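Next come the chains, spelled out residue by residue.
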Amino acid sequence: HSGQKRRSGGQRLLYDANGVRIKQSRFPQKLKRALLFYILPYLVLNGIIFFLVTATPDINMNVGDTDDYQTTKVEFEVNSLLPISEMSVKMESADVPYTETSRHHYTCDINQNGMFYVTVKSWNGMQTTNYVNVSVLDDTAPSIDEASCTISNGYLTFTIEDSQSGVDFDSIYGVYDGGKQVKPTKIDTNTGIVSIPMYS
């Protein structure tokens, strides 16, 4: 059977049935209990609270390709530990409508180049803003080859081109003194050659 002896000062020494001394823990039982039931739970709880209070939303963005150089799509994903309380989507300084395609995934139709911004605020008040530069669209006007401009037989003929979105040939017109407009009489959409009649 196990036994025990007392040292001077009242400390008990414990032995097992074989007479081998049983080593006692260096930490008193009260300290163990305080650590297990008070200190550790306190640290864990405060750690969780701190994590929730400081948790910040994350925003990932992607600018899509364009087929006509006039429109494109920007897709973005919002990841947040806590529910979102506010979300703002802007192109430069103008609000942009967005569509939720799936949970936490959104898309916007964009028709101009510039800086695209998304700002998200979660329930804990933490806010994140991310942005991306949209530069895949054609914002350069069609160009006229000045060397191709000729006046012959009462017609002004020139070559116009746009290497990206193309030329809206139906919108071409000339303006004479007094503000009179005249439409081209001949347009070759394959070569970009346009002829406008001249009036005196």
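Keep in mind it's a predicted model, so treat the numbers as computed, not measured. (Residues numbered from 1 in each chain as written. Predicted model: local features only at pLDDT ≥ 70, side-chain atom pairs only at ≥ 80, totals over all residues. Heavy atoms only, no water.)

**Q** What am I meant to see in the environment of Arg 103 here?
**A** For Arg 103, the position within the fold is in the loop between strand S8 (99-102) and strand S9 (105-110). As a C-alpha pair, Arg 103 and Glu 77 span 26 residues in sequence and 8.9 Å in three-dimensional space. Within the structure, the side chain of Arg 103 is placed 3.2 Å from the side chain of His 104, a separation counted as a polar contact. (Helix = DSSP H or I, 4+ residues; strand = E, 2+ residues; numbered from the N terminus. Polar contact = N/O pair within 3.5 Å; in protein donor to acceptor, adjacent residues only side chain to side chain.)

**Q** For this particular structure, what's the right way to read the confidence of the model for the protein chain?
**A** Do not read the fine detail of predicted coordinates wherever pLDDT is low. On average, the protein chain scores 84 in pLDDT, and the residues at 70 or more come to 82%. Contacts for the low-pLDDT stretch residues 1-5, under 50 throughout, to residues beyond four places or in other chains number 15 contacts. (pLDDT = per-residue confidence, 0-100. Contact = heavy atoms within 4.5 Å.)

**Q** It is not clear to me how the sheet that holds S8 should be interpreted in this structure. Could you clarify?
**A** Sheets are built from strands paired through backbone hydrogen bonds, the pairs being either parallel or antiparallel. The 4 strands lie next to each other as S4-S5-S9-S8, forming an open sheet whose pairing is antiparallel. The open sheet terminates on both sides in strands that have one partner only, identified here as strand S4 (58-63) and S8. In this sheet, neighbouring strand axes are inclined to one another by 30 degrees on average, regardless of whether the strands run parallel or antiparallel. Bridge count for S8 against S9 is 3 bridges, and the pairing is antiparallel. Bridge pairing links Glu 100 to Tyr 106 in S9. (Pairing = 2+ DSSP bridges. Axes fitted to C-alpha atoms, helices over the stretch in contact; angles between N-to-C directions.)

**Q** Would you mind showing me how to read the packing of aromatic side chains here?
**A** For any two aromatic rings, the description comes down to two numbers: the centre-to-centre distance and the angle of the planes. With the rule as written, the count across this model stands at 5 aromatic pairs. Ring centres of Phe 76 and Phe 116 lie 6.2 Å apart, and the angle between their planes is 50 degrees; this geometry places the pair in the tilted category. Taken together, the residues Phe 76 in strand S5 (residues 72-79) and Phe 116 in strand S10 (residues 114-122) connect sequence positions 40 residues apart. Given the relative accessible area of 0%, Phe 116 is considered buried. Measuring from ring centre to ring centre gives 5.7 Å for Tyr 98 and Tyr 106, while their planes differ by 80 degrees; the resulting arrangement is edge-to-face. Tyr 106 sits in the buried class, given a relative accessible area of 13%. (Phe/Tyr/Trp six-rings, centres within 6.5 Å; stacked < 30°, edge-to-face > 60°. Buried < 20%, exposed > 50% of the residue type's maximum accessible area, 1.4 Å probe, protein only.)

**Q** Looking at this structure, I do not really get the pairing of S10. What am I missing?
**A** Each regular strand carries side chains that alternate between the two faces of the sheet. Pairing of strand S6 (residues 84-91) with S10 involves 7 bridges; the strand directions are antiparallel. Each residue of the ladder has a partner; that of Ser 88, found in S10, is Thr 119. In this structure, S10 lies alongside strand S11 (residues 127-134), joined through 8 bridges in antiparallel fashion. Each bridged residue has a counterpart across the sheet, and for Thr 119 the counterpart in S11 is Thr 129. Between S10 and S11, which pair antiparallel and follow one another directly, the connecting turn spans 4 residues, one of which, Gly 125, has a positive phi of 90 degrees.

**Q** What's the story with the sheet that holds S11 in this structure? I'm lost.
**A** Within the open sheet, the 4 strands sit side by side as S7-S6-S10-S11. Their pairing is antiparallel. Single-partner strands in this sheet number two, and they are strand S7 (94-95) and S11. The sheet contact formed by S6 and S7 spans 2 bridges and is antiparallel. Note that in S7 the partner of Lys 90 across the bridge is Asp 95.

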